[in-house]
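# A structural walkthrough
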Amino acid sequence: MFDAQYSENVSHPLRVVPLSQLARDGGLGLGAERSYMAPVLFWIAHGQGRISVGGKLRGFTGHNAIFLPANQAHGIEISPRCQGTAVFFAEKAMLPFPQHELHLRMQGVQPQSEMNALIEDLRHESQNDSPDRDLMLFHRAALMLLWLNRQSGRPHVPSVQVSDMLRAIAQPKR
C-alpha cells in the first residue's frame with residue numbers, strides 16, 4: 001500500500017495509483033480508517049462505493065472527485081466493478097490545495113472529460129523519465145487542483161494577486 005508520507009527518496013511530487021491496486025493491496029475499506037500526512041484525491045470514473053469522512057458515511061458513483069486534505073481520517077469502500085484513480089500528493093508540495101474536503105459530482109460530459117484528461121496527463125507524466133518530469137508534474141497537479149477549486153465554486157485565491165505579480169514584472173527597473 002502506497003503511503004503518501006514524505007520521504008527524501010520520493011523522486012517526484014505525486015503518485016497516481018489505480019483504485020483496483022489499492023483494493024488488492026488492502027488499502028481500502030470502511031473498517032480500515034486511515035489518514036495520510038499528505039492530501040489525496042480519489043477520482044471515481046465508473047462504479048460506486050461508500051466513503052466515511054469525519055464519521056459521516058456517504059455514497060459515491062461514477063464521475064465523482066473526492067479530495068481529502070492531509071491528516072483527514074477516512075475509510076473508503078469500492079464495489080468490485082469500480083474503476084478510478086487515487087492521486088497521492090507529496091506532503092511538502094507547494095500546490096494550491098483546497099482548504100477543505102471536496103466531494104464533487106461531475107455533471108455533464110465536458111467536466112467529466114476534462115477531469116479524465118487531467119488525471120491521464122498526471123499518470124502519463126508520472127511514468128515519464130524526462131529530466132523535467134518533476135516540473136511538469138508540479139504544474140499539471142497545480143492546474144488540476146485549480147480546476148477542482150473552480151468546479152467546487154470556491155476558486156483558489158492566492159495571497160499575492162497574480163495581476164500584481166505580472167504588473168511588477170512588466171514595470172521597467174529604474
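To keep things clear, this report deals only with the structure shown in the data block. Not measured: the values here are computed from a predicted model.

## Notes on the overall build of the protein chain
Each helix and strand counted, the protein chain has four helices and nine strands in total. Each helix (α) and strand (β) of the protein chain, taken in turn from the N terminus, gives the series β-α-β-β-β-β-β-β-β-β-α-α-α. Looking at the protein chain as a whole, 39% of its 174 residues qualify as buried. Relative to all contacts within the protein chain whose residues are 6 or more apart in sequence, the contacts with residues 24 or more apart total 75%. Of the roughly 10000 Å² that the protein chain leaves accessible, carbon and sulfur atoms contribute 51%.

## Looking at the nonpolar core
Core analysis: the largest hydrophobic core is formed by 26 residues, its most contacted members being L41, F89, M115, M144 and L148. Mapped onto this core, the elements with two or more residues apiece are β1 (14–18), β3 (40–46), β6 (64–68), β8 (83–89), β9 (102–105), α2 (109–126) and α3 (133–152). Among the elements that make up this core, the one with the highest residue count is α3 (seven residues). Discounting residues that sit within four places of it in the chain, L41 has contacts with A65, I66, F67, T85, A86, V87, F89, M115, I119, M144 and L148. Ranked by size, the runner-up nonpolar core spans 17 residues in total, among them L19, L68, I76 and C82.

## Some details on the packing of aromatic side chains
All told, the structure shown has three aromatic pairs when counted by the stated rule. Here the aromatic rings of F67 and F97 are separated by 6.2 Å at their centres, their planes lie at 25 degrees, and the arrangement is stacked. Residue F67 is found in strand β6, and its partner F97 is found in the loop between β8 and β9; the two are separated by 30 residues along the sequence. A residue is classified by how much of its surface remains accessible, and F67, at 1% relative accessible area, is buried. For F97, a relative accessible area of 14% puts it in the buried group. Taken together, the aromatic side chains of F67, F89 and F97 make up a single cluster linked through ring pairs.

## A few points about the pairing of strand β4 (residues 48–53)
In the sheet, β4 pairs with strand β5 (residues 56–61) via six bridges, with the strands oriented antiparallel. Pairing of S52 across the sheet is with L57, part of β5. Counted between consecutive antiparallel strands, the loop separating β4 from β5 contains two residues, among which G54 sits at a positive phi close to 60 degrees. Two elements, β4 and strand β7 (residues 74–78), share five bridges in a ladder whose sense is antiparallel. Its bridge partner lying in β7, V53 is registered against H74.

## Focus: the pattern of salt bridges
Going through the model one piece at a time under the given rule, you end up with six salt bridges. As a salt-bridge pair, R140 and D121 come within 3.3 Å of each other at their nearest N and O atoms. On the criterion of sequence distance, the pair formed by R140 in helix α3 and D121 in helix α2 is long-range, its members being 19 residues apart. R140 gets classed as partly exposed once you look at its relative accessible area, which sits at 28%. Classification of D121 by relative accessible area gives partly exposed; the value is 33%. The closest approach of N and O atoms between R133 and D134, which form a salt bridge, is 3.7 Å. Look at R133 and you get buried, because its relative accessible area is 16%. The class of D134 is partly exposed, set by a relative accessible area of 34%. Residues participating in the shared-partner salt-bridge network are D121, E125 and R140.

What counts, and where the lines are drawn
Residues numbered from 1 in each chain as written. Predicted model: local features only at pLDDT ≥ 70, side-chain atom pairs only at ≥ 80, totals over all residues. Heavy atoms only, no water. Helix = DSSP H or I, 4+ residues; strand = E, 2+ residues; numbered from the N terminus. Buried < 20%, exposed > 50% of the residue type's maximum accessible area, 1.4 Å probe, protein only. Contact = heavy atoms within 4.5 Å. Areas by Shrake-Rupley, 256 points an atom, 1.4 Å probe, with all protein chains shown as cover. Core = buried A, V, L, I, M, F, W, Y, C linked by side-chain atoms within 4.5 Å. Phe/Tyr/Trp six-rings, centres within 6.5 Å; stacked < 30°, edge-to-face > 60°. Pairing = 2+ DSSP bridges. Salt bridge = Lys/Arg side-chain N within 4 Å of Asp/Glu carboxyl O.

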